[in-house]
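If you want the building blocks of each chain, they are given just below.
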Amino acid sequence: MPKKSTKMSGLQCLATENVWFDKQRYDDAEKCFYEGANGTVTKAKTAVLQPKTAPQKRRHRNSSSHGGGDQELVSRMKGMELENQTLHKVVEEMRAALQKLELRVASLEKSPAAVTCTKAAPVKAAPVKVENGDDDDSDIDLFGSDDDEEAERIKQERLDAYAAKKSKKPALIAKSSILLDVKPWDDETDMGKLEECVRSVQMDGLLWGASKLVPVGYGIKKLQINCVVEDDKVGTDILEEELTKFEDYIQSIDVAAFNKI
């Protein structure tokens, strides 16, 4: 009977397919099986062949879950150790830098030559001239009059040079351009002789220019002539007075255009 129950429990264990999780248990069961075949089965060993109860399976699962949690905890602890080592290294570097800075500040405080103050150069006092109230000759300036005369002479020379330079500069002459319409008496008037009479008028500041004949109507033509005059020397009134003297050819004179140059 014990042998038959052992075989049944072995088949049940194979049916669960948890061989790799309960390998030690199945090894013990196999050992007990061979010992039972040889007639050396004991009650203590048959107890190993009994399947695990629900609490035992639960404990097994908890142990496996605890094993995974322990591995995660170990990895986190290793990471914290590495981080701790890095922090220790940074702290040591900061301590070394602070120590160097303290030494440098201490050396600067001990050496008075580090902070130099430039001393102001002593100002020499101007020699005070002691005036003697009794001596009237000390107030007389023996060279002041000569200096004033020299300065006045240089000033006058500069003024004369400027006036001479300004006089050499040509003055701006105001000029005007006048276009005259000279009308004859009728169509039988010799226009060539009329133009000759107009150009015969000569005076200082008058310059005759181009001319042309412009039809008026009924075969009559007028002479349109241009001239340039200096405003200070020749005026339109004088010019008209001189031209109207040729009354045999000229009936009237009109100013067609007047422009400043």
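Residues numbered from 1 in each chain as written. Predicted model: local features only at pLDDT ≥ 70, side-chain atom pairs only at ≥ 80, totals over all residues. Heavy atoms only, no water.

Participant: How should I be thinking about the overall build of the chain in this particular structure?
Facilitator: Along its length, the chain carries 7 helices and 4 strands. For the chain, the N- to C-terminal ordering of α and β elements is α-α-α-α-α-β-α-β-β-α-β. In the chain, the proportion of contacts linking residues at least 24 apart, taken out of those at least 6 apart, comes to 67%. For the chain, the accessible surface area stands at approximately 21800 Å², while carbon and sulfur atoms represent 56% of it. (Helix = DSSP H or I, 4+ residues; strand = E, 2+ residues; numbered from the N terminus. Contact = heavy atoms within 4.5 Å. Areas by Shrake-Rupley, 256 points an atom, 1.4 Å probe, with all protein chains shown as cover.)

Participant: Where do I start with the nonpolar core in this structure?
Facilitator: As a rule of thumb, soluble globular proteins bury nonpolar side chains together. Among the nonpolar cores identified, the biggest contains 18 residues, and Leu180, Val198, Leu206, Trp208, Cys227 and Leu243 are the most heavily contacted of them. Residue assignment for this core shows that the elements contributing at least two residues are strand S1 (175–183), helix H6 (191–199), strand S2 (206–217), strand S3 (220–230) and helix H7 (236–243). Broken down by element, this core gets its largest block of residues, 4 residues, from S3. Setting aside anything within four residues of it in sequence, one finds Trp208 in contact with Leu180, Val198, Arg199, Val201, Gln202, Ile225, Asn226, Cys227, Leu239 and Leu243. (Core = buried A, V, L, I, M, F, W, Y, C linked by side-chain atoms within 4.5 Å. Buried < 20%, exposed > 50% of the residue type's maximum accessible area, 1.4 Å probe, protein only.)

Participant: What should I look at first to understand the pattern of salt bridges in this one?
Facilitator: For side chains bearing opposite charge, pairing can occur when the charged atoms are close. Counted under the stated rule, the structure contains 10 salt bridges. A salt bridge links Asp254 to Lys183; its shortest N-O distance comes to 3.4 Å. Of the two residues, Asp254 is situated in strand S4 (residues 252–260) and Lys183 in strand S1; the sequence distance between them amounts to 71 residues. A relative accessible area of 31% places Lys183 in the partly exposed class. A salt bridge links Lys260 to Asp231; the shortest N-O distance between them is 2.6 Å. (Salt bridge = Lys/Arg side-chain N within 4 Å of Asp/Glu carboxyl O.)

Participant: Sorry if this is basic, but what is going on with the sheet that holds S2 here?
Facilitator: Within a sheet, each strand pairs with its neighbour through backbone hydrogen bonds, oriented either parallel or antiparallel. With respect to topology, 4 strands assemble into an open sheet ordered S2-S3-S1-S4, the strand pairing being antiparallel. One side of each edge strand has no neighbouring strand; the edge strands of this open sheet are S2 and S4. Adjacent strand axes in the sheet meet at a mean angle of 20° when their direction is disregarded. Here S1 pairs with S3 via 8 bridges, running antiparallel. Paired with Ser177 across the two strands is Val228, which belongs to S3. The strands touched by H6 within the sheet are S1, S2 and S3, with S3 carrying the most contacts at an inclination of about 15°. (Pairing = 2+ DSSP bridges. Axes fitted to C-alpha atoms, helices over the stretch in contact; angles between N-to-C directions.)

Participant: Would you mind going over unusual backbone geometry with me for this structure?
Facilitator: Glycine aside, residues mostly have negative phi, and peptide bonds are mostly found in the trans state. Of note, Tyr218 is a non-glycine position whose phi angle comes to about 60°, a positive value. Secondary-structure assignment places Tyr218 in the loop between S2 and S3.

Participant: I'm lost on a nonpolar patch on the surface in this one. Help?
Facilitator: Where nonpolar side chains cluster on the molecular surface, the patch consists of Leu98, Leu101 and Val105 and spans about 260 Å² of accessible area. Locating Val105 in the fold gives a position in helix H4 (residues 54–110). (Patch = residues over 30% accessible without salt bridge, like charges linked within 9 Å, V, L, I, M, F, W, Y side chains within 5 Å.)

Participant: Got a minute to help me understand H6 in this structure?
Facilitator: Structural remark: α-helix, 3.6 residues per turn; residues separated by three or four positions point the same way. Those residues of H6 lying buried are Met191, Leu194, Cys197 and Val198. Looking straight down H6, one finds its buried side chains confined to an arc of 115°; they lie on one side. Residues of H6 that are buried make contact with S1, S2, S3 and H7. (Arc of directions from axis to C-beta.)

Participant: I tried to follow the packing of aromatic side chains on my own but got confused; where do I start?
Facilitator: Tallying each qualifying case throughout the model produces 1 aromatic pair. Considering the side-chain rings of Phe33 and Tyr34, the 5.5 Å spacing of their centres and the 70° angle between planes classify their relative orientation as edge-to-face. (Phe/Tyr/Trp six-rings, centres within 6.5 Å; stacked < 30°, edge-to-face > 60°.)

Participant: For this particular structure, what's the right way to read a negative patch on the surface?
Facilitator: On the surface, a cluster of negative charge is made up of Asp147, Asp148, Glu149 and Glu152. Note that Asp148 resides in helix H5 (residues 144–168). (Lys, Arg positive; Asp, Glu negative; His and termini not counted. Charge placed at Lys NZ, Arg CZ, Asp CG, Glu CD.)

Participant: Got a minute to help me understand the pairing of S3 in this structure?
Facilitator: Bridging between S2 and S3 involves 9 bridges; their strand directions are antiparallel. What sits directly across from Ser211, in S3, is Ile225. Between S2 and S3, which pair antiparallel in sequence order, lie 2 residues; one of them, Tyr218, sits at a positive phi of approximately 60°.

From the geometry alone we can't say anything about function, so treat these as descriptive.
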